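Structural overview
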Amino acid sequence: MTGRSVYGLCVHGLDGVAELPAARDTRPGHPAVLVRQVAGPPPPPAPLTGRRGVRVLADGRTLEVDRERGTATFHGPPLTPDVLAHPYLAPVATTFNRWAGRETFHSGAFVRAGRAWAVVGPRTAGKSSLLAALAARDVPVVADDILVLDGADVFAGPRCVDLRQPVPGATLPTRAVRSGERLRVGLPPIADRVPLGGWLFLGWGLSVALDRVPGPTLLSRLAALRSFGYLPSDPAALLTAAALPAWDLRRPRDWSALDDTFRLIEDTLAPGRVLGALR
């Protein structure tokens, strides 16, 4: 099995999923994970340690992860491979990447000026809608919901964005997934890893605006937002990430604000301004 390359992992068991590109990076440090489903009663929940853990997911399914065996086992009603790939691969990715010493965040990301810009926010912040709108404008999307940070780089996620409802003006082809509850937007291929440029924190407001986030505030946010914060982290990695530029991005809950949002992002992250912000 060649595996599929996603989130900095070499994933086995999902070789037929088009949203996951074939693995090209077989270097040490890229954990291999076998994703599988089994019938029968699940094991009892167990806290995640440095070796294994058993989690009850929001939908009632149980995920059992084992670092030594390199397995991620789902217990519960069977899932189709494309749904296993997204969104159910997300908790697998956070676990195995944290075990590998990387930081992970609930975040999407897109590419501008040759760098990845994280889009951070809670589930109701409109991350996927914004990313789909950017994709419709030929902006490369790195990931929809999980950001894996390895040193100065982030890894590409599955090549899709799932939406609750269509984004007006976004003419990308979609198909129904998750029993018709989501519309899946396919994404073109992208490099396995992209250097991180900075952070955008989504929020709602009366107008479209970007406000710079001070470095100490950013460090505090990132420390609080990283997955499984009780697992060991490299302080230098967090300090490096917190040294990057960051903004609070506010916009109205109105589809008509997408164009203004895009223009503000495009202007703020223009190559000349980005270089100045990174100094």
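Structure: see above.
This text gives an overview of the structure that appears in the document. For clarity, every value in this text was computed on a predicted model and none was experimentally measured. (Residues numbered from 1 in each chain as written. Predicted model: local features only at pLDDT ≥ 70, side-chain atom pairs only at ≥ 80, totals over all residues. Heavy atoms only, no water.)

Counting residues in hydrophobic clusters, the biggest one holds 31 residues, and the most contacted among them are L14, V35, F74, L89, V92 and F96. Looking at this core, the elements with two or more residues in it are β2 (9-12), β3 (32-38), β5 (62-66), β6 (71-75), α1 (81-85), α2 (89-99) and β10 (146-150). With six residues, α2 is the single largest residue contributor to this core. Beyond its immediate chain neighbours, meaning those up to four positions away, L89 contacts V6, Y7, V11, L14, L20, V35 and L84. Grouped together as the second largest cluster of nonpolar side chains are 26 residues, A132, V161, L200 and F262 included. (Core = buried A, V, L, I, M, F, W, Y, C linked by side-chain atoms within 4.5 Å. Buried < 20%, exposed > 50% of the residue type's maximum accessible area, 1.4 Å probe, protein only. Helix = DSSP H or I, 4+ residues; strand = E, 2+ residues; numbered from the N terminus. Contact = heavy atoms within 4.5 Å.)

Here the focus is the layout of surface pockets. By volume, the largest pocket is sized at about 1400 Å³. Taken together, 46 residues make up the lining of the largest pocket; nearest its centre are H106, R123, R164, R178 and R182. Where the lining of the largest pocket is concerned, the elements lending two or more residues are β4 (52-56), α2, β7 (103-112), α3 (127-136), β12 (160-163) and α6 (258-268). In terms of residue count, α3 provides more of the lining of the largest pocket than any other element does, four residues in total. Split by residue class, the lining of the largest pocket holds 20 nonpolar, eleven polar and 15 charged. Empty space within the second largest pocket amounts to approximately 180 Å³. Together, 16 residues line the second largest pocket, and A18, E19, R159, G186 and L187 are the ones closest to its centre. When residues of the lining of the second largest pocket are assigned to their parent elements, the largest contribution, three residues, is made by strand β14 (residues 182-186). Classifying every residue of the lining of the second largest pocket by side-chain character gives nine nonpolar, two polar and five charged. (1 Å grid on protein atoms, 1.4 Å probe; cavity = no way out; pocket = protein on both sides within 12 Å on 5 of 7 lines; lining within 4 Å. Points joined across faces, edges and corners; volume = space filled by probe spheres on them. Nonpolar A, V, L, I, M, F, W, Y, C, P; charged D, E, K, R; others polar.)

This next bit is on the sheet that holds β12. Remark on secondary structure: sheet strands pair via backbone hydrogen bonds, oriented parallel or antiparallel. The three strands lie next to each other as β12-β14-β13, forming an open sheet whose pairing is antiparallel. Where the open sheet ends on each side, the last strands, each with one partner, are β12 and β13 (174-177). On average, each strand axis in the sheet is inclined to that of its neighbour by 35 degrees, with strand direction left out of account. When β13 meets β14, the two strands line up antiparallel, connected through four bridges. Paired with R175 across the bridge in β14 is R184. (Pairing = 2+ DSSP bridges. Axes fitted to C-alpha atoms, helices over the stretch in contact; angles between N-to-C directions.)

Note that H75 resides in strand β6. Taking the relative accessible area as the measure of exposure, H75 reaches 9% and is therefore buried. At a separation of 3.1 Å, a polar atom in the side chain of H75 contacts the side chain of E64. Contacts of H75, omitting those with residues within four sequence positions, involve V38, G40, P41, P42, P43, R61, T62 and E64. (Polar contact = N/O pair within 3.5 Å; in protein donor to acceptor, adjacent residues only side chain to side chain.)

Attention shifts here to helix α5 (residues 235-242). Taken together, the buried positions of α5 are occupied by L238, A241 and A242. With its buried residues spanning 95 degrees around the axis, α5 presents them on a single face. Lining the buried residues of α5 we find β7, β10, β15 (193-204) and α4 (215-225). The distance from a side-chain oxygen at the start of α5 to the backbone nitrogen of A236 is 3.0 Å, and the residue carrying that oxygen is D234. (Arc of directions from axis to C-beta.)

Tallied over the full model, the rule gives 17 salt bridges. In this structure, R175 and E19 form a salt bridge, with 2.6 Å as the shortest nitrogen-oxygen distance. Of the two residues, R175 sits in strand β13 while E19 sits in the loop between β2 and β3, which places them 156 residues apart along the sequence. The partly exposed category is assigned to R175, whose relative accessible area is 38%. What makes E19 buried here is its relative accessible area of 9%. Salt bridges here are not isolated pairs; linked through shared partners, they connect E19, D82, D162, R175, R178 and R184. (Salt bridge = Lys/Arg side-chain N within 4 Å of Asp/Glu carboxyl O.)

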